[in-house]
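# Examining the three-dimensional arrangement
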Amino acid sequence: MNTLFGGHLACDLPDGALDAAKVCIVPDNQEVFSHSTCDQNLIFDLLEFSQNTEQLSPIVYQLKEIVGHDEFNILTEEIVPPSEHLIPQATSVYYLKARIHNPTVVVIHMALFRLECFSTDILITLNDRTGGTSLQVDGIPPWNDLQFKTIVNTFQILNSSLFN
């Protein structure tokens, strides 16, 4: 189990996850990890609870906010059942996988934990700039759907004082 945000949150990170804060400035509301051998990154964002005014699901709304346009293909969108995550405070948890052409192909995996009791959304994003075609290099395979779902399924709050 890897701790995040000063030990307040935790999850199982995949092999090859390098802490980007060791080589660049990362905002206080983020934890960022880069894959050690391919063009993938994993971002944990603490966001203000969004009151989506558009007629979109909360996770599609977040995708549109990140991408800055609506030119993407949603490959999978689902609600994660409570039995598959460890955050009892979450009013809902969403999972999304999309393909973005901008100008190269990026496959993006997203999980959104809606914590209305803390006025917070936690967004976990896996960006795969290889378009999902990464090859194994130096024994560390590229991250995939299974590893992302493991992150989501093991993600937990260890100390809720982070949200005060």
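Keep in mind it's a predicted model, so treat the numbers as computed, not measured.

Our focus in this paragraph is the overall build of the protein. Of regular secondary structure, the protein possesses two helices and 10 strands. Reading the protein from its N terminus to its C terminus gives the helix and strand order β-β-β-β-β-α-β-β-β-β-α-β. A compact globule built from 164 residues would reach a C-alpha radius of gyration of about 15 Å, and the protein, at 15 Å, matches this within 12%. Structurally, the protein occupies a C-alpha span of about 40 × 35 × 35 Å along its principal axes. Long-range pairs, those at least 24 residues apart, make up 57% of the contacts in the protein with a sequence separation of at least 6. Measuring between centres, the 7 positive side-chain charges of the protein sit 4 Å from its 20 negative side-chain charges.

On to the confidence of the model for the protein. Here the protein averages 91 in pLDDT, and 94% of its residues register 70 or above. Averaged pLDDT values over the elements of the protein bottom out at 91 in helix α1 (residues 58-67) and peak at 98 in strand β2 (residues 9-11).

In total, this model carries four salt bridges according to the counting rule given. Among the ionic pairs, R114 bridges to D121, the shortest N-O distance being 2.8 Å. There is no split in this pair, since R114 and D121 are both buried.

The next thing to look at is the nonpolar core. Membership of the largest hydrophobic core comes to 28 residues, with the highest contact counts inside it found for L9, L42, F44, F113, I122, I124 and F155. Of all elements in the fold, only β2, β5 (40-48), β7 (92-101), β8 (105-115), β9 (120-128) and α2 (145-154) reach the threshold of two or more residues within this core. With near-sequence residues (within four places) excluded, F113 lies in contact with H85, I87, S92, V93, T120, D121, I122, I124, V152 and F155.

Consider a sheet: its strands pair through backbone hydrogen bonds, and that pairing is either parallel or antiparallel. Read across the open sheet, the seven strands follow the order β3-β4-β5-β9-β8-β7-β6; overall the sheet is antiparallel. At either margin of the open sheet sits one strand with a lone partner, and together these are β3 (17-19) and β6 (72-79). Neighbour to neighbour, the strand axes of the sheet diverge by 20° on average, direction disregarded. Relative to the sheet, α1 contacts β5, β6, β7, β8 and β9, its axis offset from that of β8 by approximately 130°.

Before going further, it helps to spend a moment on α1. Along α1, seven of the 10 residues are buried, which leaves the element largely enclosed by surrounding structure. Elements in contact with the buried residues of α1: β5, β6, β7, β8 and β9. Looking one or two residues past α1, G68 carries a phi angle of roughly 85°, positive in sign.

This part takes up the sheet that holds strand β10 (residues 156-157). The strand order across the open sheet formed by three strands is β1-β2-β10, and the pairing between neighbours is antiparallel. Either end of the sheet is taken by a strand with one partner, and the two such strands are β1 (2-4) and β10. By the bridge criterion, two bridges tie β2 to β10 in an arrangement that is antiparallel. The partner of L9 across the bridge, within β10, is I157.

Let's shift gears to the pairing of β9. In terms of residue burial, β9 counts as a mostly covered element, since nine of its nine residues are buried. Both faces of β9 are covered, namely the face carrying T120, I122, I124, L126 and D128 and the face carrying D121, L123, T125 and N127. Here β5 pairs with β9 via nine bridges, running antiparallel. Bridge pairing in β9 places D45 opposite L123. Between β8 and β9, which pair antiparallel in sequence order, lie four residues; one of them, S119, sits at a positive phi of approximately 50°.

What counts, and at which threshold
- Residues numbered from 1 in each chain as written.
- Predicted model: local features only at pLDDT ≥ 70, side-chain atom pairs only at ≥ 80, totals over all residues.
- Heavy atoms only, no water.
- Helix = DSSP H or I, 4+ residues; strand = E, 2+ residues; numbered from the N terminus.
- Rg over C-alpha atoms; globule rule 2.2 N^0.38 Å.
- Contact = heavy atoms within 4.5 Å.
- Lys, Arg positive; Asp, Glu negative; His and termini not counted.
- Charge placed at Lys NZ, Arg CZ, Asp CG, Glu CD.
- pLDDT = per-residue confidence, 0-100.
- Salt bridge = Lys/Arg side-chain N within 4 Å of Asp/Glu carboxyl O.
- Buried < 20%, exposed > 50% of the residue type's maximum accessible area, 1.4 Å probe, protein only.
- Core = buried A, V, L, I, M, F, W, Y, C linked by side-chain atoms within 4.5 Å.
- Pairing = 2+ DSSP bridges.
- Axes fitted to C-alpha atoms, helices over the stretch in contact; angles between N-to-C directions.

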